[in-house]
Structure formats: structure tokens, C-alpha cells
Amino acid sequence: MTLSAHILALATGFALAALSAALLITVWRIIRGPTLPDRVLGLDMLVAIAIGLIAVVAIRTGFNLYIDIAIALGLVGFLATVAFARFVLARGLSPEKAVADGRVPQAKGGAAPRGKSTQRKRKGGRR
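Described below are features of the structure shown in this document. (Residues numbered from 1 in each chain as written. Predicted model: local features only at pLDDT ≥ 70, side-chain atom pairs only at ≥ 80, totals over all residues. Heavy atoms only, no water.)

All chains considered together, the criterion is met by one aromatic pair. Seen in terms of ring centroids, F63 and Y66 are 5.4 Å apart; in terms of plane orientation they differ by 75 degrees. Their pairing is edge-to-face. (Phe/Tyr/Trp six-rings, centres within 6.5 Å; stacked < 30°, edge-to-face > 60°.)

Here it is, written out as C-alpha cells:
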């Protein structure tokens, strides 16, 4: 084994280990993420890490078709991120931000706050 092949094997091994650790941390963040935008960002990062893993495997095996797969995954990941961003924008104000802004009263257990009626008042004084 030549010196360049040995260095390439070490570099790809280190890259695979680092990308695997990043993959695990990102999956943990997706599962734990407190808000939907956190999860969307985690999924976008997951796609980027998968592209990196595919590229390292392509370098290690010498099979160039993996690069085409990584490019296709990048395009699909971009479209998924745009779709998720449109979904988040269509939802409007997130519940976490609404509570922080004071627009939505926060109650324990998801129940209505005490002293406030959850029904709308009708005209004419009836409920």
C-alpha cells in the first residue's frame, strides 16, 4: 500500500466516523426539537450529512455512480426544505411564539384558563 492510499484510507475513515457522529446528534435533535422549525432544520442537516456520507463512500469505493445519487438527494432535499418552509409560513404564528408575545393565554393541561369562557357571546346578550 502506497503512502497516498494509506492517507486516503485514514481520511475517509475519519470522515465516516465524524459524519456518523453528526448523524446521530442530528437525529437526536430532530426527535427532541421543541419546535417545528427546529425539526425542519434538523431534517435539512440530515440530508446534508447523508450527501457527505454518500460522497465519502464514493471516494472510498471508487464507484462514481454514488456522486450522481448524492446530487439527486441534494435536489430532493432542497425541494423538501422549501416545502417545509412554506408549510411553516402557512401555519402562521407558532404557539410557542404566541405564548411568548402574550397573545395566547397559557393554561396547564391544555384546558381553558379559569374565569374565562371559551364560548363566543352572541348579540342580544345571550350566550
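We now examine helix α1 (residues 3-32). Count 3.6 residues to each turn of an α-helix, and residues three or four apart come out pointing the same way. End to end, α1 covers 44 Å across 30 residues, agreeing with the expected 44 Å (1.5 Å per residue, within 8%). Buried positions along α1 lie against α2 (36-61). (Helix = DSSP H or I, 4+ residues; strand = E, 2+ residues; numbered from the N terminus. Expected span 1.5 Å × (residues − 1). Contact = heavy atoms within 4.5 Å.)

With that settled, the discussion passes to the side chain of T26. Relative to the elements of secondary structure, T26 occurs in helix α1. Among the polar contacts listed, one links the side chain of T26 to the backbone oxygen of A22, at a separation of 2.7 Å. Once residues lying within four places of it in the same chain are set aside, the contact partners of T26 are G42, M45, L46 and I49. (Polar contact = N/O pair within 3.5 Å; in protein donor to acceptor, adjacent residues only side chain to side chain.)

A cluster of nonpolar side chains, F63, L65 and I69, forms an exposed patch at the surface whose accessible area comes to about 280 Å². With respect to the helices, strands and loops of the structure, I69 is situated in helix α3 (residues 65-91). (Patch = residues over 30% accessible without salt bridge, like charges linked within 9 Å, V, L, I, M, F, W, Y side chains within 5 Å. Areas by Shrake-Rupley, 256 points an atom, 1.4 Å probe, with all protein chains shown as cover. Salt bridge = Lys/Arg side-chain N within 4 Å of Asp/Glu carboxyl O.)

Topologically, T35 is positioned in the loop between α1 and α2. Judged by its relative accessible area of 18%, T35 falls in the buried class. A polar contact is formed between the side chain of T35 and the side chain of D38, at a distance of 3.0 Å. (Buried < 20%, exposed > 50% of the residue type's maximum accessible area, 1.4 Å probe, protein only.)

This part covers the packing of α2 against α3. Two elements in contact, α2 and α3, have axes whose closest approach is 9 Å; the angle formed by their N-to-C orientations is 175 degrees. One element, α2, and the other, α3, form an angle in the roughly antiparallel class. Considering only residue class, the contact of α2 with α3 consists of 19 nonpolar, four polar and two charged. (Axes fitted to C-alpha atoms, helices over the stretch in contact; angles between N-to-C directions. Parallel < 35°, antiparallel > 145°, perpendicular 65-115°, else oblique. Nonpolar A, V, L, I, M, F, W, Y, C, P; charged D, E, K, R; others polar.)

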